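# Per-entry structural report
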Amino acid sequence: MPRHVEAQVVVIGGGPAGMAAALSSFENGAEPVFLLERGKYLGGILNQCIHPGFGLHYFGEELTGPEYAEQFIERLKKTRVEVFLDTTVLEITKDRVVRAVNPAGVWEFRAENVVLSMGCRERTRGMLRIPGHRPAGIFTAGLAQYLVNIEGYLPGKEIVILGSGDIGLIMARRLTLEGACVKAVVEIKDSLSGLLRNYVQCLLDFDIPLLLSHTVTNILGKDRVEGVVVNKVNTHGQIIPEGEQFIGCDTLLLSVGLIPENDLSKKAGIPLCPFTGGPFVDEYFACDLEGFFACGNVAAVFDLVDYVTMVSTMVGGKIGSPSLDRKPPRHMLVPASGVSQVIPQRIREGKEGFLFIRSQHAFRDAVLSLSLEGREFQAMRIPLCYPSEMVKVNLQDIQWPSEKGEVQISIRGKRIHGVG
Amino acid sequence: MKKVFDVVIVGGGIVGCAVAWYFSHFDLEILLLEKESDVCCGVSKANTGIIHSRSYWTPSTLKGELHLRSLVLFPQAEKELNLHSPQTGALTVALIREEMTFLKVLKERGNISGAEIIGPKESIEIEPSLNPRIFACYYDPETRIISPFALNLALAEFAALNGVHFILDEEVTGFESMGNRIRILGRNDWYLGKRVINCAGLYATKLARLSNDAVSAHRFFRGQYFVLDRECAPLIRHVLYPVPTEESKGILVSPTPEGNILVGPNFEPVDEEDTATTFWGLKEVEEGARKLIPFLPLEQTITTFSGLRPTLPERDFRIFFSSSLPGLLHLCGIESPGLTASLGIAEYVGEKLKDSGITLREKRISPRTAFPVFRNCGFEERERLIAENPDWGKIICRCEEVTLAEVKHALSSPIPASTLDGLKRRVRVMAGRCQGGFCGMYLPTIMMQELDCDVKEVFKSTRGSFYLLGKIEDVVKENAPTC
Ligand SMILES: Cc1cc2nc3c(=O)[nH]c(=O)nc-3n(C[C@H](O)[C@H](O)[C@H](O)COP(=O)(O)OP(=O)(O)OC[C@H]3O[C@@H](n4cnc5c(N)ncnc54)[C@H](O)[C@@H]3O)c2cc1C
Ligand SMILES: Cc1cc2nc3c(=O)[nH]c(=O)nc-3n(C[C@H](O)[C@H](O)[C@H](O)COP(=O)(O)OP(=O)(O)OC[C@H]3O[C@@H](n4cnc5c(N)ncnc54)[C@H](O)[C@@H]3O)c2cc1C
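The model shown is predicted, which means the values in this text are computed figures rather than measured ones. (Residues numbered from 1 in each chain as written. Chains lettered and ligands numbered in written order. Predicted model: local features only at pLDDT ≥ 70, side-chain atom pairs only at ≥ 80, totals over all residues. Heavy atoms only, no water.)

All names here are of chain A. If you check the shell around ligand 1, you find 32 residues, and the closest are Glu37, Ile45, Gly53, Asn297 and Val305. Between ligand 1 and Ala17, the relevant distance is 2.9 Å, taken from an oxygen atom to a main-chain nitrogen or oxygen of the residue. A distance of 2.7 Å separates a nitrogen atom of ligand 1 from a polar atom in the backbone of Gly53. Across the complex, the protein chains shield 93% of the 1000 Å² of accessible surface that ligand 1 would expose by itself. Looking at the shell around ligand 1, the elements with two or more residues in it are α1 (16-27), β3 (52-54), β6 (88-92) and α8 (305-318). Among the elements that take part in the shell around ligand 1, α8 stands out by supplying three residues, more than any other. (Near = heavy atom within 4 Å. Polar contact = N/O pair within 3.5 Å; in protein donor to acceptor, adjacent residues only side chain to side chain. Areas by Shrake-Rupley, 256 points an atom, 1.4 Å probe, with all protein chains shown as cover. Helix = DSSP H or I, 4+ residues; strand = E, 2+ residues; numbered from the N terminus.)

As a further point, take the sheet that holds strand β26 (residues 375-385) of chain A. Within a sheet, neighbouring strands are paired by backbone hydrogen bonds and run either parallel or antiparallel to one another. Residues and elements named next belong to chain A. The five strands lie next to each other as β23-β21-β28-β25-β26, forming an open sheet whose pairing is mixed. Pairing within the sheet leaves two strands with one partner each, and these edge strands are β23 (346-347) and β26. Here two bridges tie strand β21 (residues 331-335) to β23, and the two strands are oriented antiparallel to one another. Pairing of His331 across the sheet is with Ile347, part of β23. (Pairing = 2+ DSSP bridges.)

So, about the domain arrangement of chain B. All names here are of chain B. Partitioning chain B into domains gives domain 1 (4-48 + 148-217 + 314-355), domain 2 (90-141 + 219-309) and domain 3 (374-475). Using only C-alpha atoms to locate each centre, domain 1 and domain 3 end up separated by 30 Å. At the junction of the two partners, domain 1 supplies 13 residues and domain 3 supplies ten residues. At the boundary of domain 1 with domain 3, total buried surface from both sides reaches about 990 Å², with 58% on carbon and sulfur atoms. Across the contact surface, domain 1 and domain 3 share two salt bridges. A salt bridge links Asp38 to Arg426; the shortest N-O distance between them is 2.7 Å. Linking domain 1 with domain 3 are three residue pairs in polar contact (both at pLDDT 80 or more). Ranked by residues supplied to the side of domain 1 that touches domain 3, first place goes to helix α5 (residues 148-161) with five residues. A class-by-class count of the residues in the side of domain 1 that touches domain 3 yields eight nonpolar, one polar and four charged. (Domains from an automatic or database assignment. Contact = heavy atoms within 4.5 Å. Buried area = accessible area lost by both parts, 1.4 Å probe. Salt bridge = Lys/Arg side-chain N within 4 Å of Asp/Glu carboxyl O. Nonpolar A, V, L, I, M, F, W, Y, C, P; charged D, E, K, R; others polar.)

The next thing to look at is the sheet that holds strand β17 (residues 239-248) of chain A. All names here are of chain A. Reading across the sheet, the three strands line up as β15-β16-β17 and stay open at both edges, with antiparallel pairing between neighbours. The sheet is open, and its two edges are formed by β15 (214-220) and β17, each paired on a single side. Along the sheet, successive strands turn relative to each other by an average axial angle of 30 degrees, direction set aside. (Axes fitted to C-alpha atoms, helices over the stretch in contact; angles between N-to-C directions.)

This brings us to the side chain of B:Asp140. All names here are of chain B. Among the secondary structure elements, Asp140 is positioned in strand β6 (residues 136-140). As a buried residue without a salt bridge, Asp140 has its nearest oppositely charged side chain in Arg54, at a separation of 7.6 Å. Here Glu142 takes part through its backbone nitrogen, which lies 2.7 Å from a polar atom of the side chain of Asp140. When sequence neighbours within four positions are dropped, the list of residues in contact with Asp140 reads Ser53, Ser55, Gly89, Ala90, Ile112 and Ala115. (Buried < 20%, exposed > 50% of the residue type's maximum accessible area, 1.4 Å probe, protein only. Lys, Arg positive; Asp, Glu negative; His and termini not counted.)

With that settled, consider unusual backbone geometry. With an omega of 0 degrees, the peptide bond between A:Ile343 and A:Pro344 qualifies as cis. Tracing the sequence through the fold places A:Pro344 in the loop between β22 (339-343) and β23. Of note, the bond from B:Ser336 into B:Pro337 is cis; its omega dihedral lies within 30 degrees of zero at 0 degrees. With respect to the element layout, B:Pro337 can be found in the loop between β19 (328-332) and α8 (338-355). Despite not being glycine, A:Arg96 has its phi angle at roughly 65 degrees, a positive value.

Below you can see the structure in the form of structure tokens.
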């Protein structure tokens, strides 16, 4: 018979988001708290990020991914949070039954609160519809990162990376340091997707060419990748047939974006935001469906783990808190011009917590504008903003109007082209 | 002394394995030779997987005759193969009045009870995503869908279980007469057979020409496809055909038994072996499919692929004995509906061999038992499986919910998987929405352990298709940096 367990909190996913949420809910009095992780270790994606660059905001020092994770694993050990490793959640229902399996059997948790913290997955070749052959040697960058950093394998010798996101940039450096030759990083947009500092430290310092406004249009090789065809694109992202070039390589890495992993949320009927790809959440990161919270990359792709920890710690503190009565939200936030994502999308009180905004382009001398039904009620200056770094605003710094309604969030400023 | 086989089959596609399945019911020594490291590596791995109904048979052709014969054989075969082909039914869509004539032809040709021609309103009722501006549909309740991998593998496993010898990684390069035997030359060895059946798919005419038989060379026509995410499954209920063109059945939208949607194929002449997808080919498929389903969510594509049709000028199957080597039977031009007709082809080949003097004495057979599929099990069943073996509790593929137990079984089954693609065809790892982004982390290690091989021998498909270059230390030692 399946094992039935009553729980006050079930946290799905033991990455930084899940660990912080489990810890803080326990520390704020919730019990029993279960943390379910399908991997062999806690830490999520941090385990394979052996580069420094974590914790500058939260701990005030630069840690590697595993070092950052270790802080939380140690703290969890001192609590009665029950950690289940090797445990995959297969189903959740809208009344918060969580069904999971592990080598001990089938589990059914009945939870008062469910925290979704399943992280994200990577976009694939199929989604981009890159035509050509289907040989071995095509990897998503995060998969390659795991194979190199955790398993100690080299995927190939001559590498082309499509997409200039941070994972791609970091892998360009890693693979070069391990003796491979990164022939080019190809980016369809006219600007960098990742952080400027990663461009400098991972590409410039190693003389790896970055081809902006270019994309891979064909993959050659029957058995193993033998090369890719690269074309220039125009300002609308359309391929320019003239001047195509062939780049010989045995490996193509795709660093073309992350998708919040919400297969489970969808099955439970939790409404998802088309812009973030994660559940709609309010300022406490509570979903539209009662008793569910979403934190970390499952809610929206966060570039900084520090923000993930901050938000998840707050969620843990809010679980079960009476201030969370389900008053209908006062404001619905939607991205408008210059903005691609806004999280949270619902505001109940607007007193505590943060607003995270991702801009569509890189801007200089920009203004972040909030308007209610077309009337601007607040404008904030931002000297510089990049799509690779979310803009974070304290909710209490915003004077929320008393009328209810839809709030459009936009950014205007001078576009920065190139690497900036 | 070399063993003399009664029947040697060249090619482990659906047709070769159907022939092996058929002969394995009789008291015969049978050998199947396949050039790839697995069965189901040729045409059989890349097609639409439709068991076309009686409405779709082509009168006065051999392919038509064998199509009808096969449909009769399927129900019993599915029982002993432990297979299931969901009967989805089909709609053939006439976009304009002129196309009505064809719908009437289909209805008459099939003479299927329950089949009817229906108007747009009724069509939309049973297939809500359909283009509302169509003229009419022919509704055919008989059409079924099947996983071509599952069919090919089930046939092969049944044959193996019932005594057929399989030699993989053995390419046949020619035939010689040895008295009343045929010597089959392979790259690695040679074999002796009383009868040889050339089921080499794309390469069948090449082999036939090696034995100096007069047959025109195959021309190859490629068909490209999109595979859509399982999330889209509720969108399509029936196989959707357009009215066919001169050359093919046209661009279809079809559900698959696993719950994906297949969109394609187009029809374009190509050189041998060119199974790439192209920008223009996929565009053509998209435009064709949108005539049937205007809001087809192609943004939910998880992968694209293509397959090749080996065709003869007469656009029919040609099954004939060699004029130079008696006992050598060639199967050429096995294009669509080769999957549907496969069992009929096997029976027909059986008759040909019987006529040529082979005795078919029935023997007791063991039916094939299917291994459980975790994703389809209820929670009680899962609990039981995990209690038996904890590997059932370890999920390796998150998208298709495949467990370690299933992967290990596939690596040690009667026709074992030896490559990543082989695993994919058997248990659907790497076949879901993340396309191996997750299970790709674990599969190399599992394969190395189970197959007792080095990381350099973990292949995607062919021997050249290494997945990883090697351990970092080793690679660095062996190679100076390339730039
Ligand atoms: C390659 C890469 C480099 C990065 N570099 C930096 C950097 O330099 N600095 C920085 O601050 N941030 C960086 N980040 C961002 C940061 O790592 C992420 O924001 C953070 O890890 C997100 O945490 P999470 O807990 O939401 O997701 P994850 O870390 O992905 O954790 C999700 C966990 O959920 C588990 N899970 C999922 N589904 C299930 C299920 N059904 N059942 C059980 N368990 C499940 C997964 O196994 C995983 O352990 C980087 C991210 C990546 C991918
Ligand atoms: C795009 C497309 C869509 C189709 N859709 C359908 C459909 O919906 N329904 C339907 O009924 N049919 C369909 N078909 C047809 C069907 O797929 C084929 O007719 C069928 O799969 C042919 O099987 P086969 O065994 O003859 O060929 P293959 O599967 O190609 O098998 C031949 C095997 O022989 C091996 N081989 C070749 N040469 C040698 C050698 N010298 N030595 C040893 N081994 C050798 C090959 O490696 C291969 O494994 C479709 C075909 C295509 C291309």
